[in-house]
Amino acid sequence: MNYNKILKSTKVELNNLRLDILNSDKFITSKEEEEIVKSIEEKGYCVLESFYPKEWCEKAKNEIDRLILAYNKQIWKDEAESDHRIFGADRVSPFIKNYYEDSKLLSLLQTYEGREVKDGFTLGAKLEAAEGNKGSGGGWHRDHPNVKQSKSIVYLTDVSLENGPFQYIEASHTSKILYRDSFNYKYDQFQNRFTEEEIQRLLDKEPERLKTFTASAGTVILTDTRGIHRGKPIEDGFRYALTNYLWMHSNIPSHIAKTLVG
Ligand SMILES: O=C(O)CCC(=O)C(=O)O
């Protein structure tokens, strides 16, 4: 057993708890916001339908296409050449910067984390159906085993079961459930990548915890990607999305900062 890791993780957990208690209603301005934050706390996500209009989505989608050409050498692609990622699209597109700065989304996620945003960026991504793709994010994973990671994802195109929807294992972001699941389904509590078989073990017993977010363009998903998630492998067509990655407890880690365009 790695006692150092456990000690460090316990400290982080206690600090999370302290911030949750101290700041639970710091940025809340309405009952509606309270309900949204509660949903993220309990389930790990909240869906905001028709958050942006279709014309806005079309413009943002065109911006992604423009950036893919303009920053061709700097965009990240997976092995199957399905996932095209512009890390830091907000740095090179004023239109996308408006999404990064959306005050309502920022306020909700700040409230959820109990502190203010320190650093972050917008990922602009185009997914295309391609043989052997693993889906957005490269399969089931959590971004961190013991630190919250707030993200807001907006679909810019309609997303059906075939277009690589975001998927989430409900409530897998809370410490209590994380420890319970790792005991019940025999994986390490610090593990952040999961095989299909490991996830299937959980889903065989608790199939209702698999959430698949099919939705129309303009839908926003607020989520804590400390929970287990992935983009379902894309079978048909394409999916365009913008994702805000927010850090409240540190700056953007250096290995990610290196990938930002511009
Ligand atoms: O875009 C998605 O559906 C999921 C992306 C993801 O899991 C990631 O980038 O960590």
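See the structure above.
Our subject in this report is the structure included herewith. (Residues numbered from 1 in each chain as written. Predicted model: local features only at pLDDT ≥ 70, side-chain atom pairs only at ≥ 80, totals over all residues. Heavy atoms only, no water.)

### Quick look at the sheet that holds strand S6 (residues 166-169)
Read from one edge to the other, the open sheet built from three strands follows the order S7-S6-S9, with strand pairing classed as antiparallel. Of all the strands in the sheet, just strand S7 (210-213) and strand S9 (229-231) have a single pairing partner and so form its edges. Taking the axes of each pair of neighbouring strands and ignoring which way they run, one obtains an average angle of 20° across the sheet. Pairing of S6 with S7, which is carried by four bridges, proceeds in the antiparallel orientation. Paired with Phe-166 across the strands is Phe-213, a residue of S7. (Pairing = 2+ DSSP bridges. Helix = DSSP H or I, 4+ residues; strand = E, 2+ residues; numbered from the N terminus. Axes fitted to C-alpha atoms, helices over the stretch in contact; angles between N-to-C directions.)

### Looking at the site of the ligand
As a structural note, the neighbourhood of the ligand is formed by Arg-85, Ser-136, Gly-137, His-141, Asp-143, Lys-151, Phe-166, His-229, Gly-231, Arg-239 and Tyr-245. Within the side chain of His-141, one N or O atom sits 2.8 Å away from an oxygen atom of the ligand. Protein contact buries 92% of the 290 Å² of open area that the ligand shows by itself. Looking at the shell around the ligand, the elements with two or more residues in it are S9 and strand S10 (238-247). Looking at the shell around the ligand residue by residue, the classes come out as two nonpolar, five polar and four charged. (Near = heavy atom within 4 Å. Polar contact = N/O pair within 3.5 Å; in protein donor to acceptor, adjacent residues only side chain to side chain. Areas by Shrake-Rupley, 256 points an atom, 1.4 Å probe, with all protein chains shown as cover. Nonpolar A, V, L, I, M, F, W, Y, C, P; charged D, E, K, R; others polar.)

### Let's talk about the environment of Lys-148
Summarising the element assignment, Lys-148 is placed in the loop between strand S4 (119-128) and strand S5 (150-155). Judged by relative accessible area, which is 11%, Lys-148 ranks as buried. Distance in space between the C-alpha atoms of Lys-148 and Arg-226 is 5.4 Å, their sequence separation being 78 residues. Those residues in contact with Lys-148 that sit more than four places away from it in its chain are Asp-20, Tyr-112, Glu-113, Asp-224, Arg-226 and His-249. From its side chain, Lys-148 meets the backbone oxygen of Tyr-112 in a polar contact 3.3 Å long. (Buried < 20%, exposed > 50% of the residue type's maximum accessible area, 1.4 Å probe, protein only. Contact = heavy atoms within 4.5 Å.)

### Describing the nonpolar core
Membership of the largest hydrophobic core comes to 33 residues, with the highest contact counts inside it found for Trp-56, Leu-156, Leu-222 and Leu-242. Every element with two or more residues in this core is listed here: helix H2 (31-43), strand S1 (45-48), helix H3 (54-70), helix H4 (89-92), helix H5 (94-100), helix H6 (103-113), strand S8 (220-224) and S10. With six residues, the top contributor of residues to this core is H3. Sequence-distant contacts of Leu-222, that is, excluding residues within four places in its chain, are made with Ile-36, Ile-40, Gly-44, Tyr-45, Cys-46, Leu-48, Leu-105, Leu-108, Leu-109, Lys-151 and Ser-152. Counting residues in hydrophobic clusters, the runner-up holds 10 residues, among them Tyr-45, Phe-166, Phe-213 and Ile-221. (Core = buried A, V, L, I, M, F, W, Y, C linked by side-chain atoms within 4.5 Å.)

### Things to note about the packing of aromatic side chains
Applying the stated criterion to the full structure yields 15 aromatic pairs. Ring centres of Tyr-52 and Trp-56 lie 3.8 Å apart, and the angle between their planes is 10°; this geometry places the pair in the stacked category. For Tyr-52, a relative accessible area of 10% translates into the label buried. Each residue in the set Phe-51, Tyr-52, Trp-56, Phe-95 and Tyr-99 is aromatic and connected to the rest through ring pairs, giving one cluster. A cation sits over an aromatic face here: Lys-61 above Tyr-240, 4.9 Å from the ring centre. (Phe/Tyr/Trp six-rings, centres within 6.5 Å; stacked < 30°, edge-to-face > 60°. Lys NZ or Arg CZ within 6 Å of the ring centre and 35° of its normal.)

### Some details on the sheet that holds S8
Strand order in this open sheet of seven strands is S1-S8-S5-S10-S4-S3-S2, and the pairing throughout is antiparallel. What marks the edges here is a single partner per strand, and that holds for S1 and strand S2 (76-77). Here S5 runs beside S10; their pairing, made up of six bridges, is antiparallel. Pairing of Ser-150 across the sheet is with Leu-246, part of S10. Of the strands in this sheet, S1, S5, S8 and S10 are in contact with H6, which crosses S5 at around 150°.

### Quick notes on helix H7 (residues 175-184)
Along H7, the residues classified as buried are Ile-177, Leu-178, Asp-181 and Ser-182. Burial along H7 is one-sided: seen end-on, the buried residues are contained in an arc of 130°. Those residues of H7 that are exposed and angled more than 90 degrees off the buried face are Lys-176 and Phe-183. Those residues of H7 that are buried lie in contact with helix H8 (196-205). One or two residues past the end of H7 sits Lys-186, with phi positive at roughly 55°. (Arc of directions from axis to C-beta.)

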